[in-house]
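Chain by chain, the residues:
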Amino acid sequence: LVVPISLSRVGEQFHHVLWYYKNGPDDRPRQDFRLQLAALLARFLTGHSGCIATAAKAQWDTVTIVPSSQNRKGQHPLEEVVKLITPLGTQYEPLLQSGSVQVTHTQASDRGYKPVGTVKGKRVLLIDNTFTAGSHVQSAASALQRGGALVVASVALGRVIKPEWSDEAKAL
């Protein structure tokens, strides 16, 4: 179950926020964007976590993120976003790290990520900043499931779309 919060049209404001919160050159705007994303995620989950659990037929007890595919040093900015939210931050555990195979936007791999420590028996809500083709979240979910976790659902802050991809995308 993948649940996007919002569409993220390439070149528009929300797409810019999703890029700048982790890649922007200036610290103050990056922090502001992180707060905005934390508020968006908190508000969404406050209103919809019950619906997600009902659709998934399970409730999560652990929250984690899809790790960066760029071997980012230090804490991932999305981890910072999640930790700003109560009680989500208290449920957060870094369960994944990069695996032996590079995941691309169009190529998922069961070996793209690997569990950190024991994940067996955990019921996980997987959070990603953007969902384009799904290869990153699919690879992350596969690694968790192979380790014995139940991935209840994945929530993506933005579902990336480009109007030139299809007639459907143009209509959005």
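In what follows, the structure referred to is the one given above.
Residues numbered from 1 in each chain as written. Predicted model: local features only at pLDDT ≥ 70, side-chain atom pairs only at ≥ 80, totals over all residues. Heavy atoms only, no water.

**Student:** A description of the overall build of the protein should follow, citing residues and the corresponding values.
**Tutor:** The secondary structure content of the protein amounts to six helices and six strands. In terms of overall dimensions, the protein has a C-alpha envelope of 40 × 35 × 35 Å along the principal axes. Residue burial in the protein is summarised as follows: out of 172 residues, 43% are buried. Here the contacts in the protein between residues at least 6 apart in sequence split such that 71% fall between residues at least 24 apart. Within the structure as shown, the protein displays about 9,100 Å² of accessible surface, and the carbon and sulfur contribution to it stands at 50%. Charge centroids of the protein, computed over 19 positive and 13 negative side chains, lie 6 Å from each other. (Helix = DSSP H or I, 4+ residues; strand = E, 2+ residues; numbered from the N terminus. Buried < 20%, exposed > 50% of the residue type's maximum accessible area, 1.4 Å probe, protein only. Contact = heavy atoms within 4.5 Å. Areas by Shrake-Rupley, 256 points an atom, 1.4 Å probe, with all protein chains shown as cover. Lys, Arg positive; Asp, Glu negative; His and termini not counted. Charge placed at Lys NZ, Arg CZ, Asp CG, Glu CD.)

**Student:** I'd like a rundown of the side chain of lysine 122, residues and numbers included.
**Tutor:** Looking at the element boundaries, lysine 122 is found in the loop between strand S4 (113-115) and strand S5 (123-131). Side-chain polar atoms of lysine 122 contact the side chain of glutamate 93, separated by 3.2 Å. In this structure, lysine 122 is in contact with Asp61, Thr62, Glu93, Leu95, Ala149 and Leu150, ignoring residues within four places of it in sequence. (Polar contact = N/O pair within 3.5 Å; in protein donor to acceptor, adjacent residues only side chain to side chain.)

**Student:** A description of the side chain of threonine 62 should follow, citing residues and the corresponding values.
**Tutor:** In this fold, threonine 62 is placed in strand S2 (residues 62-65). When neighbours within four sequence positions are excluded, threonine 62 is seen to be in contact with Gln91, Glu93, Leu95, Lys122, Arg123, Val124 and Leu125.

**Student:** An account of the pattern of salt bridges is needed here, citing residue identities and associated values.
**Tutor:** Throughout the structure, instances matching the rule amount to eight salt bridges. Here glutamate 79 and lysine 83 are joined by a salt bridge, their closest N and O atoms 3.1 Å apart. On the criterion of helical spacing, the pair formed by glutamate 79 and lysine 83 is a turn pair, its members being four residues apart in helix H3 (residues 77-83). You can call lysine 83 partly exposed: its relative accessible area is 43%. One salt bridge in this structure joins glutamate 93 and lysine 122, with 3.2 Å as the shortest N-O distance. Placement of glutamate 93 in the loop between helix H4 (88-91) and strand S3 (96-98) and of lysine 122 in the loop between S4 and S5 is noted, with a sequence separation of 29 residues between them. (Salt bridge = Lys/Arg side-chain N within 4 Å of Asp/Glu carboxyl O.)

**Student:** I'd love a proper account of helix H2 (residues 27-56), names of residues and values included.
**Tutor:** Since the α-helix turns once every 3.6 residues, residues separated by three or four places project in the same direction. Taking 1.5 Å of rise per residue, 30 residues should cover 44 Å, yet H2 covers just 38 Å from first to last C-alpha, more than 12% shy of that figure. The largest bend along H2 measures about 60 degrees and falls at histidine 48. What H2 keeps buried is the set Arg30, Phe33, Arg34, Leu37, Ala38, Leu41, Phe44, Leu45, Ile52 and Ala53. Here the buried face of H2 lies against strand S1 (2-9), helix H1 (13-23), H3, H4, S5 and strand S6 (150-161). Phi turns positive, to about 60 degrees, at lysine 57, one or two residues after H2. (Expected span 1.5 Å × (residues − 1). Bend = angle between axes of the 7 residues up to and from the residue.)

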